[in-house]
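# Observations on chain architecture
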Amino acid sequence: MASVPRRALPLFLVLLCLLGGTRAQQTQERRTVANYVVRGILDPVAHLLEGSLRVAWRNVSAAPIDEVRFRVSEHIRIESVTREDGRALPCDEGSVAATVRLPATVAPGETSSLLLAFTTHFPPLKHGTGWWGKREGGRYLSGVDAFPMVAALRGEGEWRSTSDYADFQVTLRTPKGYLAAASGRRTAAPLDHGDDTLSFSWSAEAHRGFTFVVTDALRLLEFGQGSRVLYPPDHAGIAERLVEAARVLVPGETISIVDLPAGCAGLGEVTVRGLV
């Protein structure tokens, strides 16, 4: 993580380094433990994400496993868990973790798949996740690991509070008029459903998590191979300087930069982060 001097970037900034260029080579050196396919409908007004995910995860411990632990938060609720054959599985959900009991043990090295339905209620923006803004001035909503994720598994079956590297395919459906950026490559142009909604799709390889931003308060400046800056209307000059800085700091990368409006608190220190 490289800190950016505050005098260089007067406002809060999130820079999501996406896999590309030399990052693709690093991906080969990382052990991917899970694969997520996430589909969600986002309501920025109600601060609500309703979605489903399919996760295929591998037991990388040295012991057989008869339960799976998911990382959640107090804002994430798991509505149901099923196997691919439709059989429902019991889920014991707490404030920071949820445990799903499996019908059969998964041996070391074996893979198991689960289907989850979930609901995320976003709080006011804090630590990178939540909502900010009003109808008159536009809205900003961001999610850092805003859906359940399998916890890291080590040793003789000990679960950790972090997650392992995983691959992600994420599609979010939003009302028209919103821009979106995420810690992944955009896999297609926004899909117009003909009912005043759009779908945005991304893929990410060997990431420890997934972050997205959806907003109607910012404008868009695109550059390079799929890179973009989201910025307040009165920050066009700053957006251009951010592009110049990005080309120096992460040449050849595909990135998304979010320059937040004044008064949009909740992201902590001004940093440049590679979410890889």
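Residues numbered from 1 in each chain as written. Predicted model: local features only at pLDDT ≥ 70, side-chain atom pairs only at ≥ 80, totals over all residues. Heavy atoms only, no water.

### As for the environment of serine 112
Just so we agree on the cut-off: Note on conventions: DSSP H or I runs of at least 4 residues are helices, E runs of at least 2 residues are strands, and numbering of each starts at the N terminus. Only protein chains enter the calculation, and the probe is 1.4 Å; a residue is then buried if its accessible area is under 20% of its type maximum, exposed if over 50%, and partly exposed in between. Should any heavy atoms of two residues lie within 4.5 Å, those residues are counted as being in contact.
Following the sequence through the fold, serine 112 ends up in strand β9 (residues 111-121). Residue serine 112 is classed as buried on the basis of its relative accessible area of 15%. Serine 112 sits 57 residues away from valine 55 along the chain, and the two C-alpha atoms are 8.3 Å apart. In contact with serine 112, other than residues within four places in its own chain, are Val55, Ala56, Trp57 and Val106.

### With respect to the sheet that holds strand β8 (residues 97-106)
To keep things clear, this is the line we draw: One bridge is not enough; two strands pair if DSSP finds at least two bridges between them.
What the 4 strands build is an open sheet, ordered β7-β8-β5-β12; its pairing is antiparallel. The two strands at the open ends of the sheet, each matched to only one other strand, are β7 (91-93) and β12 (149-150). Bridge analysis of β7 against β8 gives 3 bridges, and the strand direction is antiparallel. Residue aspartate 92 lies in a different strand from β8, and its bridge partner there is threonine 99.

### Remarks on the confidence of the model for the protein chain
Applied cut-off: pLDDT expresses how confident the predictor is about each individual residue, on a scale running from 0 to 100.
Overall, the prediction assigns the protein chain a mean pLDDT of 83, with 83% of residues at 70 or greater. Counting contacts from residues 1-15, a segment whose pLDDT is below 50, to residues more than four positions away or on other chains yields 42 contacts. Segment residues 17-22 is flagged for pLDDT under 50; beyond a separation of four residues in sequence, or across chains, it makes 28 contacts in the model.

### Some details on the sheet that holds strand β16 (residues 179-182)
Stated precisely, the cut-off is as follows: A fitted line through C-alpha atoms represents every axis, and for helices the fit uses only the stretch in contact; the resulting angles, taken between N-to-C directions, go from 0 to 180 degrees.
Spatially, the 4 strands line up as an open sheet ordered β10-β11-β20-β16, and their pairing is antiparallel. Of all strands in the sheet, those with a lone pairing partner are β10 (130-134) and β16, marking the two edges. Taking each pair of neighbouring strands and ignoring which way they run, the sheet shows an average axis angle of 10 degrees.

### Some remarks on the nonpolar core
Soluble globular proteins: nonpolar side chains tend toward being buried together. Put simply, the rule reads: Residues grouped as a nonpolar core are buried Ala, Val, Leu, Ile, Met, Phe, Trp, Tyr and Cys residues, joined through side-chain atoms within 4.5 Å.
Ranked by size, the top nonpolar core spans 46 residues in total, and within it Tyr36, Trp57, Leu114 and Phe212 carry the most contacts. Those residues in contact with leucine 114 that sit more than four places away from it in its chain are Leu53, Arg54, Val55, Trp57, Val68, Phe70, Val81, Thr82, Leu89, Val100 and Leu102. Membership of the second largest hydrophobic core comes to 11 residues, among which are Val229, Leu242, Ala246 and Ile257.

### Side note on the pattern of salt bridges
Just so we agree on the cut-off: Salt bridge, as used here, is a side-chain nitrogen of Lys or Arg placed within 4 Å of a carboxyl oxygen of Asp or Glu.
According to the stated counting rule, one finds 9 salt bridges in the structure shown. For the salt bridge of glutamate 84 with arginine 54, the shortest nitrogen-to-oxygen distance reads 2.8 Å. With glutamate 84 in the loop between β6 (76-82) and β7 and arginine 54 in strand β4 (residues 48-58), this pair connects stretches of sequence that are 30 residues apart. Taking relative accessible area as the criterion, arginine 54 reaches 30% and is therefore assigned partly exposed. For the salt bridge of aspartate 164 with arginine 154, the shortest nitrogen-to-oxygen distance reads 2.6 Å. With aspartate 164 in the loop between β14 (158-159) and β15 (166-175) and arginine 154 in strand β13 (residues 153-154), the pair connects residues that are 10 residues apart, well separated along the chain. For arginine 154, a relative accessible area of 24% gives the class partly exposed. When salt bridges with common partners are traced through the structure, they connect Arg186, Glu222 and Arg228 into a single cluster.

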